[in-house]
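# Architecture at a glance
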Amino acid sequence: MAAYSLTVNGKPLTVNVDDPNTPLLYILQENAQLNGPKFGCGLGQCGCCTVMIDGVPTKSCITAISDSAGHSILSIEGLGTAANPHPLQQAFISQQAMQCGYCISGPMLYGKAFIDKNPGATPDQIVNALGQTQLLCRCHAHSRMVNALSLYAQGKTQ
Amino acid sequence: MKLGNLFDTFKRSQMTPDAHVALKKLEKARSGASRRDFVKTAGGLVIGFSALGAASQADAQSPINVTGLVDASKVDSWVSIGSDGDVTIYSGKCEFGQGFSTVQVQLGAEELYVPLSQVKLVYCDTGYTPDQGTTSGSQSHIAEFGPSGLRSALATARQALLQLAAQWFDTTPDQLVIKDGVISVKSDATQSISYGELVKGARFNLAIDNNAPLKDPATYTVLGTSVPRMDIPAKALGTHTYVHNVRLPGMLHGRVVRPPFVGAKVMSVNQGSVASLPGKVQVVVVKDFVGVVADTQWHAIQAAGLLDVTWSSGATLPDQASLYTWMTQQPSADTMVVDTGDTEAVMASAAKTFSAQYVHPYQMHGSIAGSCAVADVRGGTGKTATAKIWSPTQGVYPQRDSVAVVLGIPPANVRVIYVEGSGCYGLNGNDSVSYDAALMSQAVGKPVRVVYSRRDEMAAGESYGQPYVVNFKAGVDKGGQLTVWQYDSWTATKGNRPNATTPGNIVSGALAGFVTPPLVPAAAKVPTTFSNNGNSQCSYITGQIAGAPPQGTGTVASQRVLTRTIASPFFTGPLRSPSRLQNTFANECFMDEIAVSLGQDPVQYRLRHLSDPRLIAVVNAAASAAAWVSRPSPNVSIIPNAKVRTGRGISCVLYEGNNGYSALVAEVSVDMTTGVVTCTRFVTAIESGPISNPNGMINQTEGGVMQAMSRCLKEQVKWNAKSGIITTSDWNSYPVYNWGERVPVLKTVLLNNLKVSQTGAGECSITLSASAIGNAIFDAIGVRIRQIPYTPATVLAAIQAASGK
Ligand code: FES
Ligand code: FES
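The model shown is predicted, which means the values in this text are computed figures rather than measured ones.

Residue and element names in this part refer to chain B. Taken together, 4 strands build an open sheet; the order of strands is β21-β22-β23-β26 and the sheet is mixed. This sheet does not close on itself; its edge strands, each paired only once, are β21 (644-654) and β26 (745-751). Pairs of neighbouring strands in the sheet enclose a mean axial angle of 10 degrees, with direction left out of account. Bridging between β21 and strand β22 (residues 661-671) involves 11 bridges; their strand directions are antiparallel. Paired with Arg645 across the two strands is Val670, which belongs to β22. Against the sheet, helix α19 (residues 613-625) makes contact with β21, β22, β23 (677-687) and β26, and its axis sits at roughly 35 degrees relative to β22, the strand it touches most.

With 66 residues of chain B at the contact, the number on the chain A side is 54 residues. On the surface where chain B and chain A come into contact, there are 2 salt bridges. Run the count over chain B and chain A and you get 38 residue pairs in polar contact (both at pLDDT 80 or more). Taken together, the elements giving at least two residues each to the side of chain B that touches chain A come down to α9 (232-237), β7 (252-256), α10 (297-306), β17 (448-451) and α20 (694-714) of chain B. Looking at which element gives the most residues to the side of chain B that touches chain A, the answer is α20(B), with 9 residues. Looking at side-chain class alone, the side of chain B that touches chain A contains 25 nonpolar, 29 polar and 12 charged residues.

Residue and element names in this part refer to chain A. When cut into domains, chain A gives domain 1 (2-78) and domain 2 (87-153). Every contact between the two is made by 18 residues of domain 1 and, on the other side, 15 residues of domain 2. Interface of domain 1 and domain 2: buried area, both sides summed, is about 1,400 Å²; carbon and sulfur atoms make up 62% of it. For domain 1, the biggest contributors to the area lost against domain 2 are Met52, Pro57 and Ile76; these three give 36% of the whole. Inspection of the region where domain 1 meets domain 2 yields 0 salt bridges. Summed over the shared surface of domain 1 and domain 2, the result is 7 residue pairs in polar contact (both at pLDDT 80 or more).

Its location among the elements puts A:Gln99 in the loop between α3 (87-94) and α4 (105-117). The class for A:Gln99 is buried, based on a relative accessible area of 5%. A polar contact of 3.1 Å, which involves the side chain of A:Gln99, links it to the backbone oxygen of B:Asn699. If sequence neighbours within four positions are ignored, A:Gln99 has contacts with A:Cys139, A:Ala141, B:Gly97, B:Arg229, B:Asp231, B:Lys235, B:Asn699, B:Gln700 and B:Gly703.

What counts as what
- Here, residues in each chain are numbered from 1, in the same order as that chain's written sequence.
- All chains are assigned letters beginning with A, and all ligands numbers beginning with 1, in the order in which they are written.
- Given that this is a predicted model, residues contribute local features only at a pLDDT of at least 70 and side-chain atom pairs are listed and counted only at 80 or more, while totals for whole chains, interfaces and linings are drawn from all residues.
- No hydrogens and no water enter the side-chain calculation; it runs on all heavy atoms of the structure.
- At least two DSSP bridges between two strands are needed for those strands to be called paired.
- Helix and strand definitions here come from DSSP, where helices need a minimum of 4 consecutive H or I residues and strands a minimum of 2 consecutive E residues; each element is numbered from the N-terminal end.
- All axes here are fitted lines through C-alpha atoms, helices being fitted over the stretch that makes contact, and every angle between N-to-C directions spans 0 to 180 degrees.
- By definition, residues are in contact when any of their heavy atoms lie within 4.5 Å.
- Only one rule defines a salt bridge in this text: a Lys or Arg side-chain nitrogen within 4 Å of an Asp or Glu carboxyl oxygen.
- N or O atoms within 3.5 Å of each other form a polar contact, as long as, within protein, one can give a hydrogen and the other can take it, and as long as residues adjacent in sequence are counted only when both atoms are side-chain atoms.
- The nonpolar class holds Ala, Val, Leu, Ile, Met, Phe, Trp, Tyr, Cys and Pro. Asp, Glu, Lys and Arg form the charged class, and all remaining residues, Gly among them, are polar.
- Here the limits of each domain have been adopted from an automatic or database domain assignment.
- Two parts placed together each lose some accessible area under a 1.4 Å probe, and the buried area is that loss summed for both.
- Remark: exposure states derive from per-residue accessible area (1.4 Å probe, protein chains only) relative to the maximum for the residue type, with buried under 20%, exposed over 50%, and partly exposed in between.

Below, the structure is given as structure tokens:
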């Protein structure tokens, strides 16, 4: 057993696990009881499990707890709250930009990281940026998600 | 308490205050409490599992049978009004991202004249909600707006409320008006009473009255507007409770261990192989079902990977390369869908005839989540055992009845609570995984959550969409008018949705020892009733059954449509637009071929053979919104040696022969050097009767078109017949449309038809992409590709074959 400490959505979390290779995703689901990071493939192929680690979008299903210790983790529920949603979340809501919503952590967090570095990014640039890693939406709500991300890139929510 | 009866003897307006108090006591004594009082409402409007689920810790202790038998013929099974006047709706149609929960809340607000905020919705829980079968097949609008559905229940409730208020005010219902859940006397607004005061939490005790007056859709103020989906905020905030997020006290984590080859049986399981692993691993074996249970997901995953199981060799599989020929050689169960008996004669006298074969592969639902369920089975098996299953199944009642059989527990002791998973698009692994969780929980006596790995899901858990082979022959007269149409198809099935008698219809039930009903070969019979449920009949024939008026959408009088079903080596089940997508791909591409070879514009040629004004309307609407220019195909304006060529194609369908109408124009570009097809724009026109929620309908239409684009460009289940292994087991081996690829421009035209009944919309557009894209590819490259998927290799081979000629 080894103890690992990390920060999850601003709160400290210490976990004891026997295997340092335990993927961060399961720690976030079971120990931090988060709903935002989701299991899709466990293979780094879909993006459902995406979180920010120190501001960098990362697939938590293929990230070991031992590599996450000492770092700051942000999941989509750490972006905003019901009373005060993040502008990106507001844009997704205003554009009704999903069907089942299971995939949302991927486009939201990879999109946010790119747009925050590239304000005013165009829809094509955003789509291209999301294509730099493997991300899926099986409901195929891509078009609306691009609209939501583009609004965010323009500093708008609707 | 019968709301109406009480007031036959007492007119409240004539009562003394004392009598009033006495009556209240009487009411209290006689009334059953409203079912709503059982449901703790939380912030959100749609309760579903979200609010019940937030209380899932407590819910783990809640009873199996919450309300007694839910009788769908009774108003109380559908709607209750709390003492605060809030309306709670109970429905057997679930939310899985298609937006229907919001539409149901709109319907409640509309028919009962209450604000949206005053309507709560509980759906798909065998403890609370009526049995409405499955949520599938674009049937939800038809069920809820049709006779004996939610709308009729609400209308009956409104009628009862008005009668009650009329007695209260000593007047007649027509003298009353309802606004925001308050009934007042038209001539004297000071005389008013709220639903809450009127009903005081009592039950209606009324049967649904299908003659209760329904609100005219032309007067709708809430339906027909784009009320934002009520499930979206929590999903965007990351707080939404999916089934994956159900957490019960003492819950353990299970994983399945599937046969490596199709059809392999367990020879032996070496339990010692995982004995030294961390996580208090337990091994569960039920015939050929094998699972492991541990304290955490990671421990369960490792144990599943390391468990040493000896499997028998698998079943003999057909060679994939010759699948379609093999299909046509197997014993089959045949159905003559329509046959006017004259097709051979008419064909013989045709001025010109056409023939072609179209083929469609097995495809996956390929849900983005690993299917997941949580089960809490107590007391083992037998009469006193109980089970609660938190499941993303499309049918809570069929699952309750079949899980009961699997566990050997009376159905009355089983409660299935729907909790949303990721989009399922039909019978993915959601039902199988619910059996898995139940079997493992029963074995270990603790609540167990099971999630499928990608391979569990794709290569050993889900029920694939059916493959198809379709052979056509058609003939035209001298003027180019179609005179005869013959369709012959082969498809393959194994299993289907499970119910009480067929738990072996899905993978886990079969592994646990339940028989998968075998296909029984049978000769076709003469059809006696019209049905185009599978869309095997193209849109251009009359649908003529002897002795009945034609019920098809077209004008071609001589027709024969024969379908054959063979035994599939793989489990199959409904995949969004089952059979209809495959048939429409074939029908609409073949129709295009005929138009092309006659030098006719594909839109005009279709219109020449259509008779149904609603189908004609969507074809015209799509063509006009796409600025379709009438010309023959292929596109001669393109530069002959251009590296990239562009094309457009059209397709149309009346979904299931009696559901929603839609037409789609697809625009593509094709790289002549690589064979890569890129879709650049889709223009859809859709008409499903009165529109409930325009934004939601557009969302569904867009998603359908795009999902089918992925399916027809990329998706195909693959296997190795020698090794018996399904080789498409992750997103690299089963490629799909990815982020980063061009997102086509989407344009959707909604036709709001208030003169007809509500029908479905969710599976209309998805039915069309394969054919519209196929026709657009032909328009671009001048070569017809008659197989799905249109992969670069297939397209390039077709281009090269054509240019080599
Ligand atoms: S679950 Fe992590 S990438 Fe799919
Ligand atoms: S919205 Fe369902 S997978 Fe993206």
